[in-house]
Amino acid sequence: MSKNDHLSDDELSLFREAVQGSKKLQQDTIIHQPSKNFSEQQQQRKSLKEGKNEEFFFSDEFVPLLNEDGPVRYARDDVSKYEVKRLRRGVYVPDVFLDMHGMKQDEAKRELGSMIAYCLKENISCASVMHGIGKHILKQKVPLWLAQHPDVMAFHQAPLEFGGAGAILVLLSIPDR
């Protein structure tokens, strides 16, 4: 209502009857104060930057040639096909699990890059990426992104105990430090 609009006496009395017995709400909004711990903030920025650096390897335009027969699988040229078979059988047990359920593509790409950076930093050679099935968007994109990364040796659809058709086991090459 603008200031020029005036209510008649009947309208005012009708309004007063309608709101009679109501109580004023108490304001209970919580305002969080920023953290004073600067080293923690620097650590968060560093990990975010590492994730963005790893995101560089994932392009949506480049489509690697993957075998479309059967479950999703991939191995670099210098990796034995036996390693892919060992992934399929569940010989490699993942130490890290990334759950992408409910993520958008850009979030999933960033998290995937961060997971790979974390695995390389912690010398973890096997990880599980749970993309889910849903509308098949991440199920199709994740293998394409993984095949582009230089540190991914191989991947295969996970065995049932690690997620089945909704997950991929990833084998990473850990450089000697």
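The chain appears in an unreviewed UniProt entry as Ribosome rescue factor SmrB from Aliivibrio finisterrensis. The record held by UniProt for the chain lists under Subunit (unreviewed entry) the comment "Associates with collided ribosomes, but not with correctly translating polysomes."

Asks: Any details on the nonpolar core? Residues and values, ideally.
Replies: Leu112, Met115, Ile116, Leu146 and Phe155 are the most contacted members of the largest nonpolar core, which has 26 residues in total. Elements that contribute at least two residues to this core include exactly β2 (96-99), α4 (105-121), β3 (126-130), α5 (137-148), β4 (152-157) and β5 (167-172). Once residues within four sequence positions are removed from consideration, Met115 is found in contact with Val96, Leu98, Ala127, Ser128 and Val129. Judged by nonpolar contacts, the second largest core, of 13 residues, contains Val79, Cys126, Met153 and Ala154.

Asks: Before we move on, could you go through the pairing of β4 and cite the residues and values that matter?
Replies: Working note: regular strand, side chains alternate between the two faces of the sheet. Buried residues dominate β4, accounting for 5 of its 6 residues. Alignment of strand β1 (residues 73-75) against β4, held across 3 bridges, turns out to be antiparallel. When the bridges of β4 are listed, Tyr74 appears paired with Phe155. Pairing analysis gives 5 bridges linking β4 to β5, with the strands arranged antiparallel. Counted as the bridge partner of Ala154 is Leu171 from β5.

Asks: Tell me what's going on with the packing of aromatic side chains, and back it up with residues and numbers.
Replies: In total, this model carries 1 aromatic pair according to the counting rule given. Plain terms: the ring middles of Tyr74 and Phe155 are 5.2 Å apart, the flat faces sit at 25° to each other, and that makes the pair stacked. Of the two residues, Tyr74 is situated in strand β1 and Phe155 in strand β4; the sequence distance between them amounts to 81 residues. Of the two residues, Tyr74 and Phe155, neither departs from the other in class, the shared state being buried.

Asks: Can you tell me about the packing of α4 against α5, naming the residues and giving the values?
Replies: The geometry of α4 relative to α5 is characterised by a closest axis approach of 11 Å and an angle of 40° between their N-to-C directions. In this view, α4 runs oblique relative to α5, as classed from their interaxial angle. Judged by the twist between their axes, the crossing of α4 over α5 is right-handed. On the side of α4, the interface is formed by Gln105, Ala108, Lys109, Leu112 and Ile116, while α5 contributes Ile137, Leu138, Lys141, Trp145 and Leu146. A class-by-class count of the residues in the contact of α4 with α5 yields 7 nonpolar, 1 polar and 2 charged.

Asks: Give me the pairing of β2: which residues, what numbers.
Replies: Burial of β2 is one-sided: the residues Val96 and Leu98 facing one way are buried, the residues Phe97 and Asp99 facing the other way are not. Bridge analysis of β2 against β3 gives 4 bridges, and the strand direction is parallel. Counterpart to Phe97 in the pairing with β3 is Ser128.

Asks: Lay out the sheet that holds β1 in plain terms, naming residues and giving numbers.
Replies: Taking strand neighbours across the sheet as the criterion, the 5 strands line up as β1-β4-β5-β3-β2 in an open arrangement whose pairing is mixed. Of all the strands in the sheet, the pair left with one neighbour each is β1 and β2. The mean inter-strand angle of the sheet, taken between neighbouring strand axes irrespective of direction, is 20°. Taken strand by strand, helix α3 (residues 81-89) contacts β1, β3, β4 and β5, and its axis lies near 40° from that of β4.

Asks: Tell me what's going on with the confidence of the model for the chain, and back it up with residues and numbers.
Replies: Within the chain, residue pLDDT values average 81, and 79% of them lie at 70 or more. Element-level pLDDT for the chain is lowest in helix α2 (residues 38-55), with a mean of 61, against a maximum mean of 93 in β3.

Asks: An account of unusual backbone geometry is requested, with residue identities and associated values reported.
Replies: For Asn123, which is not glycine, the phi torsion reads 55° and is therefore positive. You can see Asn123 is positioned in the loop between α4 and β3. For Asn123, a relative accessible area of 47% corresponds to the partly exposed category. Of note, the phi angle at His136 is positive, near 70°, even though the residue is not glycine. Inspection of the secondary structure puts His136 in the loop between β3 and α5.

What counts, and where the lines are drawn
- Residues numbered from 1 in each chain as written.
- Predicted model: local features only at pLDDT ≥ 70, side-chain atom pairs only at ≥ 80, totals over all residues.
- Heavy atoms only, no water.
- UniProt positions renumbered as here; feature names shortened; annotations may be inferred.
- Core = buried A, V, L, I, M, F, W, Y, C linked by side-chain atoms within 4.5 Å.
- Buried < 20%, exposed > 50% of the residue type's maximum accessible area, 1.4 Å probe, protein only.
- Helix = DSSP H or I, 4+ residues; strand = E, 2+ residues; numbered from the N terminus.
- Contact = heavy atoms within 4.5 Å.
- Pairing = 2+ DSSP bridges.
- Phe/Tyr/Trp six-rings, centres within 6.5 Å; stacked < 30°, edge-to-face > 60°.
- Axes fitted to C-alpha atoms, helices over the stretch in contact; angles between N-to-C directions.
- Parallel < 35°, antiparallel > 145°, perpendicular 65-115°, else oblique.
- Left-handed = near helix turned anticlockwise from the far one by under 90°.
- Nonpolar A, V, L, I, M, F, W, Y, C, P; charged D, E, K, R; others polar.
- pLDDT = per-residue confidence, 0-100.

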